[in-house]
Number of protein chains: 2
Amino acid sequence: MRALHWDGERLTLALSHPAPKSDDVTALVRVRLAGICSTDLQILKGYMGFHGIPGHEFVGEVSDGPVELVGRRVVGEINFACGRCESCAGGFRRHCPNRRVMGILGADGSFAEYLSIPAENLHAVPGNLDNDEAVFIEPLAAAFEILEQVEIDFTSKVLVLGDGKLGLLCAQVLSLTGARVTLVGRHPKKLGLVKKFGIRTDVLADWRPTPVDVVIEATGSSTGLEMALSAARSRGTIVMKSTVAREHTLSLAPLVINEVTVVGSRCGRFPPALEALAQGKIAVKPLIEKVYPLSHGVDALQHAAQPGTLKVLLKI
Amino acid sequence: MRALHWDGERLTLALSHPAPKSDDVTALVRVRLAGICSTDLQILKGYMGFHGIPGHEFVGEVSDGPVELVGRRVVGEINFACGRCESCAGGFRRHCPNRRVMGILGADGSFAEYLSIPAENLHAVPGNLDNDEAVFIEPLAAAFEILEQVEIDFTSKVLVLGDGKLGLLCAQVLSLTGARVTLVGRHPKKLGLVKKFGIRTDVLADWRPTPVDVVIEATGSSTGLEMALSAARSRGTIVMKSTVAREHTLSLAPLVINEVTVVGSRCGRFPPALEALAQGKIAVKPLIEKVYPLSHGVDALQHAAQPGTLKVLLKI
């Protein structure tokens, strides 16, 4: 099959990569559309030391594996748990210490014609969702994860730092709670995408921090936490979303002095995201920057790496 | 009066420093015993840009001010709130943005014969407590603050990093919950002080991180958070106690990936600490390294700054 392959130094289009396998509990999925995430770009900078086929956002159809799934249009959760450890028994399968993570850690990903995934990770896509909406489920679930970790309601003042793809999704999701959400970013055009949802926006250059209850750090930058600390009120909460390969250098004294809580936040469950998307509560199509065929996948990742680029998709 | 004075460059013993004032709501306290805290040592490295009389741990007697207090033996909370802002109205006086902090920010401290303090900050010392126990109330309250921020009970695995003064107090306080507490530090002698309370101990050189529910970062070092991140389980909690003048350089990716929560933790309310100490639940006297007269205060702070030193007190 055709696949994009990262060998630790170069990303190349492999034309005859061995196809993955399926079995009674593992589905083979014919990928139709895959999304490029900032984490993929970090992987190309060495993050996680991953080698193989990157990609963890996809929608496709099951072509082989458990018979009841064959032919279904699906999206899939990216953490492949062992099912046998203490974390799995406790219901924290996403935190299984033995897990593989699609396109990130020990498992090939979605920048390929086919991928192999545990059947239990799959979710059927509601019929009213197009592929170019369903491909956003994984990052949208990561945005919904915030609501499972932090109490946010209509009384909350929330600041989202970063008008990248994840920041735009987080701002929309948190706005569903009735909270007063402000999105701060560098790009007036991107900020404009969420203005119609009642989200306040500020261009970074003009922004001055005022204390808020909750800050979502989605800058994708190693200076994001320091910015967030400047805006969190005493006893406020910072939700940290950015995973960057670089180290952070910052003073943590404000965290202690103001008794701020920093909550690391990664992947989320898919069902709340699927439901919100199927109900038309979140607009994802305006976030699409460009769709490339897999054959131009190397160009697609280069495009996605340009500052200010929104979601780049691979049509496969 | 005599006082230790920090001018931003040198700590000196002033022999005729102007005595502070009292009024209807402000007490004048004749300091009897003051404790030297790591924060004081950080101040001498430039932390908070403080100039004046350092010191925020003390026990003494009210010599002037509100009549009902005169003659009482007291300890005092260190945050002087404005009483008029939103934080104060909401009951978060310790986080008043207009606050002064004794010996740390905009208010002279306890390394002096007399100090001036809002009467509302004072707590009477129970008769059965000696001065050399009562002087530990402020750091002990900071240890109890953890229990107001994080749920810890007999099912919890807790790791305390740092066998300094605060680490030794935190280990004892958290052990009161029935939690399985392990204290890790550099000094077998200091670790030995808490072994009898059923606290496990590990010498840092031999310690290998295994995942725990809660890590208390009390290393006083800019590398403490990175150590704590290596030991917190997925979705675990790190309570950060160290305020250091230096910047931290670390990778925060583990925080996001493992969805760890980091809780900044500073001062606490005095009543729980006073009660535990009066009931003999916490042993503080073994933590005393040496008592100096105020006239040798400069030497006392130099002694306190030696690595591995326990609590140095000033008798005034």
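Model, not experiment: these values are computed from the prediction.

Asker: Can you tell me about the overall build of chain A, naming the residues and giving the values?
Answerer: What chain A contains, in helices and strands, is ten helices and 19 strands. Against the compact-globule benchmark of 20 Å for 316 residues, chain A has a radius of gyration of 19 Å, which places it among compact chains. Summarising its shape, the C-alpha atoms of chain A cover approximately 55 × 40 × 40 Å along the three principal directions. Residues classed as buried in chain A amount to 57% of the 316 residues present. If you take every contact in chain A between residues at least 6 apart in sequence, the share linking residues at least 24 apart comes to 67%. Counting only carbon and sulfur atoms, one obtains 49% of the accessible surface of chain A, whose full area is about 12,800 Å².

Asker: How would you summarise the relation of the copies chain A and chain B if you had to cite specific residues and measurements?
Answerer: Between the two copies, chain A and chain B, the superposition gives an RMSD of 0.0 Å; the rotation angle is 180 degrees and the shift along the axis is 0.0 Å. Taken together, the rotation angle and the small translation identify this as a two-fold axis. Closest approach to the rotation axis among the C-alpha atoms of chain A is made by A:Thr249, whose C-alpha sits 2.1 Å away. Taken together, the interface assignments show that 97% of the residues at the interface of chain A recur at the interface of chain B, consistent with an identical surface on both copies.

Asker: Can you lay out the domain arrangement of chain A for me, pointing to particular residues and giving the numbers?
Answerer: Residues and elements named next belong to chain A. Under the domain assignment, chain A is made up of domain 1 (3–136 + 284–315) and domain 2 (140–264). Averaged C-alpha coordinates put domain 1 and domain 2 at centres separated by 26 Å. Listed by partner, the interface residues are 15 residues for domain 1 and twelve residues for domain 2. The largest per-residue losses of area from domain 1 upon contact with domain 2 belong to Tyr-47, Leu-287 and Leu-310, which jointly make up 36% of the total buried on that side. The interface formed by domain 1 and domain 2 holds one salt bridge in total. Among the salt bridges present, the one from Glu-145 reaches Arg-94, with a minimum N-O distance of 3.1 Å. In this assembly, domain 1 and domain 2 are joined by two residue pairs in polar contact (both at pLDDT 80 or more).

Asker: Which residues make up the packing of helix α4 (residues 137–149) of chain B against helix α5 (residues 165–175) of chain B, and what are the values?
Answerer: Residue and element names in this part refer to chain B. It is the contact of α4 with α5, at a shortest axis distance of 9 Å, that shows an interaxial angle of 45 degrees. Between α4 and α5, the angle falls in the class oblique. Here α4 runs over α5; the crossing is right-handed. For the pair formed by α4 and α5, the contact residues are Pro-139, Leu-140, Ala-142, Ala-143, Phe-144, Ile-146 and Leu-147 on the first element and Leu-166, Leu-169, Cys-170, Val-173 and Leu-174 on the second. Looking at the contact of α4 with α5, its residues break down into twelve nonpolar, no polar and no charged.

Asker: Account for the interface of chain A and chain B, naming residues and giving values.
Answerer: At the junction of the two partners, chain A supplies 37 residues and chain B supplies 36 residues. Summing the contributions of chain A and of chain B, the shared interface buries around 3,000 Å²; its carbon and sulfur component is 57%. If you look at where chain A meets chain B, you find two salt bridges. With a closest N to O distance of 2.5 Å, B:Arg235 and A:Glu145 form a salt bridge. For the side of chain A that touches chain B, the elements supplying multiple residues, two or more each, are α4 (137–149), α7 (224–231), β15 (232–240), β16 (248–250), α8 (253–257) and β17 (261–264) of chain A. Of the residues contributing to the side of chain A that touches chain B, the split by class is 16 nonpolar, twelve polar and nine charged. Note that β16(A) and strand β16 (residues 248–250) of chain B share three bridges and pair antiparallel. Bridge pairing in β16(B) links A:Leu250 to B:His248.

Asker: Quick one: what's the story with α4(B), residue by residue and with numbers?
Answerer: Residue and element names in this part refer to chain B. Given a rise of 1.5 Å per residue, 13 residues ought to cover 18 Å, and the 19 Å separating the end C-alpha atoms of α4 matches this to within 8%. Of all 13 residues in α4, ten are buried; the element is thus mostly enclosed. The set of residues buried in α4 consists of Ile-137, Glu-138, Pro-139, Leu-140, Ala-141, Ala-142, Ala-143, Phe-144, Glu-145 and Ile-146.

Asker: With reference to specific residues and values, describe the pairing of strand β13 (residues 200–203) of chain A.
Answerer: Residues and elements named next belong to chain A. Two elements, strand β12 (residues 180–185) and β13, share four bridges in a ladder whose sense is parallel. Directly across from Val-184, in β13, lies its bridge partner Asp-202. Since β12 and β13 lie parallel, the crossover through helix α6 (residues 188–195) that links them has a hand, and here it is right-handed.

Asker: Could you give an account of the pattern of salt bridges, naming the residues involved and the relevant values?
Answerer: Residue and element names in this part refer to chain B. The full count for this structure, using the stated rule, is 24 salt bridges over all chains. Between Arg-93 and Glu-120 there is a salt bridge, with its nearest N and O atoms 2.3 Å apart. Here Arg-93, found in the loop between α2 (86–89) and β7 (100–102), pairs with Glu-120, found in the loop between β9 (114–118) and β10 (122–124); they are 27 residues apart in sequence, far enough to count as distant. Classification of Glu-120 as exposed rests on a relative accessible area of 53%. Between Glu-148 and Arg-269 there is a salt bridge, with the nearest N and O atoms lying 2.9 Å from each other. Of the two residues, Glu-148 is situated in helix α4 and Arg-269 in the loop between β17 (261–264) and α9 (271–278); the sequence distance between them amounts to 121 residues.

Asker: Describe the packing of aromatic side chains, and please don't skip the residues or the numbers.
Answerer: What describes a pair of aromatic rings is the distance from one ring centre to the other and the angle between the planes of the rings. Going through the model one piece at a time under the given rule, you end up with zero aromatic pairs over all chains. Lying across the ring of A:Tyr114, A:Arg30 places its NZ or CZ 5.7 Å from the centre.

Asker: So what's going on with helix α10 (residues 297–304) of chain B? Residues and values would help.
Answerer: Residue and element names in this part refer to chain B. The complete set of buried residues in α10 reads Gly-297, Ala-300, Leu-301, His-303 and Ala-304. Projected down its long axis, α10 carries its buried residues within an arc of 160 degrees, all on one side. Those residues of α10 that are buried are in contact with β1 (3–6), β2 (11–14), α1 (38–43), β18 (288–293) and β19 (311–315).

Asker: Account for the environment of B:Arg233, naming residues and giving values.
Answerer: Residues and elements named next belong to chain B. Within the element layout of this structure, Arg-233 appears in strand β15 (residues 232–240). Here Arg-233 falls in the partly exposed class, since its relative accessible area comes to 30%. In sequence terms Arg-233 and Glu-259 are 26 residues apart; their C-alpha atoms lie 9.1 Å from each other. Sequence-distant contacts of Arg-233, that is, excluding residues within four places in its chain, are made with Pro-211, Val-212, Asp-213 and Val-260.

Asker: Which residues make up the environment of B:Ile316, and what are the values?
Answerer: If you trace the backbone, B:Ile316 turns up in the segment after β19. Apart from residues no more than four positions distant in its own chain, B:Ile316 is found in contact with B:Arg30, B:Val31, B:Arg32, B:Ala34, B:Ser110, B:Ala112, B:Glu113 and B:Leu294.

Asker: Mind laying out the sheet that holds strand β8 (residues 106–107) of chain B, listing which residues take part and the relevant values?
Answerer: All names here are of chain B. Spatial ordering of the open sheet is given by β6-β7-β8, a layout of three strands whose pairing is mixed. Since the sheet does not close on itself, it has two edges, and those belong to β6 (79–80) and β8, each with one partner. Bridging between β7 and β8 involves two bridges; their strand directions are parallel. When the sheet's bridge partners are listed, Met-102 is paired in β8 with Ala-107.

Asker: Residues and numbers for the state of the cysteines, please.
Answerer: Scanning the entire structure with this criterion turns up zero disulfides over all chains. Looking at A:Cys88, it has no disulfide partner, and the nearest cysteine sulfur is the one in A:Cys85, 3.7 Å off. With relative accessibility at 8%, the residue A:Cys88 sits in the buried group. In this model B:Cys82 remains outside any disulfide bridge; the closest cysteine sulfur is found in B:Cys96, 3.6 Å from its own. By relative accessible area, which is 17% here, B:Cys82 ends up buried.

Definitions and limits used
Within each chain, residue numbers correspond to sequence positions counted from 1 in written order. Chains and ligands are labelled sequentially in the order written, the chains with letters from A and the ligands with numbers from 1. Owing to the predicted nature of the model, reporting of local features is limited to residues with pLDDT of at least 70; listing and counting of side-chain atom pairs is limited to 80 or more, with chain, interface and lining totals taken over all residues. Where side-chain values are given, they derive from all heavy atoms of the structure, hydrogens and water being excluded. Only DSSP runs of H or I covering at least 4 residues are called helices, and only runs of E covering at least 2 are called strands; the numbering of each starts at the N terminus. Our radius of gyration is a C-alpha quantity, and the globule rule it is checked against amounts to 2.2 Å times the number of residues to the power 0.38. Only protein chains enter the area calculation, which uses a 1.4 Å probe; residues under 20% of their type maximum are buried, those over 50% are exposed, and those in between are partly exposed. The criterion used for residue contact is that any of the two residues' heavy atoms lie within 4.5 Å. Computed with a 1.4 Å probe, the accessible areas rest on the Shrake-Rupley method; for each residue, only the protein chains presented here act as cover. The atoms used to superpose the copies are C-alpha atoms, taken from residues with pLDDT of at least 70 in both, and the fit is least squares. Where each domain begins and ends follows an automated or database-derived domain assignment. Here the quantity called buried area is the total loss of accessible area, with a 1.4 Å probe, experienced by two parts when brought into contact, counted for both. Salt bridge, as used here: a side-chain nitrogen of Lys or Arg that lies within 4 Å of a carboxyl oxygen of Asp or Glu. Polar contact is the term for a pair of N or O atoms within 3.5 Å; when the atoms are in protein, one must be able to donate a hydrogen and the other to accept it, and sequence-neighboring residues count only if both atoms are side-chain atoms. Axis angles are defined between N-to-C directions and span 0 to 180 degrees, where every axis is a line fitted to C-alpha atoms and, for a helix, only to the segment in contact. Oblique is the label for every angle not falling under 35 degrees (roughly parallel), over 145 degrees (roughly antiparallel), or within 65 to 115 degrees (roughly perpendicular). The crossing is said to be left-handed when, going from far helix to near helix, the turn is anticlockwise and less than a right angle, and right-handed when the turn is clockwise. Only Asp, Glu, Lys and Arg are considered charged, only Ala, Val, Leu, Ile, Met, Phe, Trp, Tyr, Cys and Pro nonpolar, and every remaining residue, Gly among them, polar. Only when DSSP finds a minimum of two bridges between them are two strands counted as paired. Expected helix span is computed as 1.5 Å times (number of residues minus one). Here is how to tell: hold the view so the strands point away, follow the path from the first strand over the helix to the second, and if it runs clockwise the crossover is right-handed. Stacked, edge-to-face and tilted are the three classes for Phe, Tyr and Trp ring pairs, Trp counted by its six-membered ring, which pair at centre distances within 6.5 Å; planes under 30 degrees apart are stacked, over 60 edge-to-face, the rest tilted. Charge-over-ring contacts are defined here by two conditions on Lys NZ or Arg CZ: a distance within 6 Å of the ring centre and an angle within 35 degrees of the ring normal. Note: the arc covers the axis-to-C-beta directions of the helix. The definition used for a disulfide is geometric: two cysteine sulfur atoms within 2.5 Å.

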